[in-house]
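Letter by letter, the chains look like this.
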Amino acid sequence: MTITVDRRIYSDKCISDVVYWLSYCYTLERTIDGDFEKITVTSDGGEKFRTEFFRRLNDCKLRSIIETETKDIRTILYAKAFGDFDCLTAEEATE
């Protein structure tokens, strides 16, 4: 079975993470064809593999979005927790 993944939607990191997570029980081959990556499953996978692959791929994509969107908040929290600041503004923390 071959699954095609659009690399404009899912980053290489997301695809690599999913391939790693599933490589313990499946044999996978990755090939790039333009903006698409083809993942070929050479061991018995079937529909169960396809479902698990896209579930994990979407999970990884969502985690990446959340990480990007909360970067400034995490920076402020780290600065306040470990810094010697009484009145730290958002601009000061992200400089």
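This text gives an overview of the structure that appears in the document. Given the structure is predicted, the values throughout are model-derived calculations rather than measurements.

Structurally, glutamate 37 is set in strand β3 (residues 36-41). Within the structure, glutamate 37 has its side chain in polar contact with the side chain of arginine 30 (distance 2.3 Å). Aside from chain neighbours lying at most four places away, what touches glutamate 37 is Ile3, Thr4, Val5, Arg7, Asp12, Ile15, Arg30, Thr31 and Ile32.

Below, the discussion takes up a nonpolar patch on the surface. On the surface, a nonpolar cluster with roughly 250 Å² of combined accessible area is contributed by Leu62, Ile65 and Ile66. On the secondary structure map, isoleucine 66 appears in helix α2 (residues 46-69).

Our next topic: the packing of helix α1 (residues 12-22) against α2. Relative to each other, α1 and α2 sit at 135 degrees, their axes nearing to 9 Å. In this view, α1 runs oblique relative to α2, as classed from their interaxial angle. Remark: the crossing between α1 and α2 carries right-handed chirality. Along its contact with α1, which presents Cys14, Ile15, Asp17, Val18, Val19, Trp21 and Leu22, the element α2 presents Phe49, Glu52, Phe53, Arg56, Leu57, Asp59, Cys60 and Lys61. Partitioned by chemical class, the residues of the contact of α1 with α2 number ten nonpolar, no polar and five charged.

Rules used in this analysis
Residues numbered from 1 in each chain as written. Predicted model: local features only at pLDDT ≥ 70, side-chain atom pairs only at ≥ 80, totals over all residues. Heavy atoms only, no water. Helix = DSSP H or I, 4+ residues; strand = E, 2+ residues; numbered from the N terminus. Polar contact = N/O pair within 3.5 Å; in protein donor to acceptor, adjacent residues only side chain to side chain. Contact = heavy atoms within 4.5 Å. Patch = residues over 30% accessible without salt bridge, like charges linked within 9 Å, V, L, I, M, F, W, Y side chains within 5 Å. Areas by Shrake-Rupley, 256 points an atom, 1.4 Å probe, with all protein chains shown as cover. Salt bridge = Lys/Arg side-chain N within 4 Å of Asp/Glu carboxyl O. Axes fitted to C-alpha atoms, helices over the stretch in contact; angles between N-to-C directions. Parallel < 35°, antiparallel > 145°, perpendicular 65-115°, else oblique. Left-handed = near helix turned anticlockwise from the far one by under 90°. Nonpolar A, V, L, I, M, F, W, Y, C, P; charged D, E, K, R; others polar.

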